[in-house]
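Report on the structure
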Amino acid sequence: MSGYGNGHDQKSPEQQFSFSRLLAEKGVSRRDFMKFCSATAAALALPPAFGPQIARALDEVKRPTLVWLEFQSCTGDTEALLRAANPTVAEIVLDILSIDYAETIMAAAGHLAEANLDKVLKEEKGKYIAVVEGSIPLKDDGIYCCIGGRTAVDRAREVCGGAFATIAVGTCASYGGIPAAAPNPTGAVGVSTAVPSATVINLPGCPLNADNLTATIVHFLLFKKLPATDGIGRPLFAYGKRIHDNCERRPHFDAGQYVEAWGDQGHRKGHCLYKMGCKGPETWHNCPTQRYNDKTSWPVGSGHGCAGCSQPMFWDTMTPFYRRLPNVPGFGIETTADTIGLGLAAGTAAAFAAHGVVSACRRGDTSEGAKEE
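From a predicted model like this one, the values you see are computed outputs, not experimental measurements.

**Looking at the pattern of salt bridges**
Scanning all chains against the criterion turns up eleven salt bridges. Where D245 meets R250, a salt bridge forms, and the shortest distance between an N and an O atom there is 3.8 Å. For D245, a relative accessible area of 38% gives the class partly exposed. With relative accessibility at 25%, the residue R250 sits in the partly exposed group. Through salt bridges that share partners, E114, D118, R150, D154, R155 and E158 make up one connected network.

Take a look at the structure:
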């Protein structure tokens, strides 16, 4: 690990930059640094052997410039980043990247702040990374969101158009999000619609998982290109599987064990939330595996159904949130939810009866899927 913990190299400031050295100066051990690299490899769905390669890429990188624009948003994505852990936001953002413009965390304000952004656009054209949070209004020439006397759409086209790549963080920046919900009075859209010429990768979620942003940037630093995406611009490593496929409550779905009412016995036992409106079968995201709050939990894990927030126009297509999904094309889950409990319970009871233990099973489980018919 080149330069780790070595503060005596006589090199230029550019050559002396070493992510591992900076972490060491802050008391972060090499072991913890390697754990972070291994965790990032896992987030990217890469083999464990890529951990050392990620470490080298971070250690040898020339700090890329990043600018963060915020438009129509609740600032939830910035808040999610500020609460990132292992590493903290200071280690992710301030050490790996050179943040030259970010309204929430920069010291400069007013004309000085806008001058910083203009300098990046002029001197780093085609090299910097742009991050956009919030939707972009197009109606009435975009007057519903202005920064520094300029409309969001005008600034976005200038900044994103000159960037090496743009990362749309959160559902609002990706697809318009809540501001674009019917009747969409401001004509809010995502970055790709507002700036069709830009190279955009979408990280939807309300808010985004900061680990996915870190992994996307690390992928860029490691491979010198953006990760592969699905048909709506989301990286496959984070959005390649349905939530339903990796959900910790999936075994209860397969067993026909559902929450029928909030607070009932099934809810207390962690049964499937599909009948309570969970949108996991129609939502693509890595929430079950990456989770939030330092990987401690996620909505379904805490007892609330998925709202489908990483899907385009989720506010219009996934509501009412507490009503079961309509027919999901190609999935057949509704029929399964109606029949699997009865059919599976009957079949299982017959199998247990053959071994003379069905009565004991019934005494030990009074859940919906195990009741006598």
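**Side note on the state of the cysteines**
Within this structure, the stated rule accounts for zero disulfides. Here C172 stays unpaired: no disulfide links it, and the sulfur of C206, its closest cysteine neighbor, is 5.8 Å away. Judged by relative accessible area, which is 16%, C172 ranks as buried. C309 supplies the cysteine sulfur nearest to C287, a cysteine that is in no disulfide, at a spacing of 6.3 Å. Owing to a relative accessible area of 8%, C287 belongs among the buried residues under this scheme.

**Some thoughts on the nonpolar core**
Formed by 36 residues in total, the largest nonpolar core has its most connected members in L66, W68, I167, V169, L203, L213 and I217. With eight residues, helix 11 (residues 210–223) is the single largest residue contributor to this core. Among the domains, domain 1 (19–59) and domain 2 (63–223) are the pair contributing at least three residues each to this core. If we skip the residues at most four places from it in the chain, I217 touches L66, L97 and I167. With 28 residues, the next largest nonpolar core counts L121, V153, A173 and V191 among its residues.

About the thresholds
- Residues numbered from 1 in each chain as written.
- Predicted model: local features only at pLDDT ≥ 70, side-chain atom pairs only at ≥ 80, totals over all residues.
- Heavy atoms only, no water.
- Salt bridge = Lys/Arg side-chain N within 4 Å of Asp/Glu carboxyl O.
- Buried < 20%, exposed > 50% of the residue type's maximum accessible area, 1.4 Å probe, protein only.
- Disulfide = S-S within 2.5 Å.
- Core = buried A, V, L, I, M, F, W, Y, C linked by side-chain atoms within 4.5 Å.
- Helix = DSSP H or I, 4+ residues; strand = E, 2+ residues; numbered from the N terminus.
- Domains from an automatic or database assignment.
- Contact = heavy atoms within 4.5 Å.

Interpretation note: all reported values are geometric properties and have no functional meaning in isolation.
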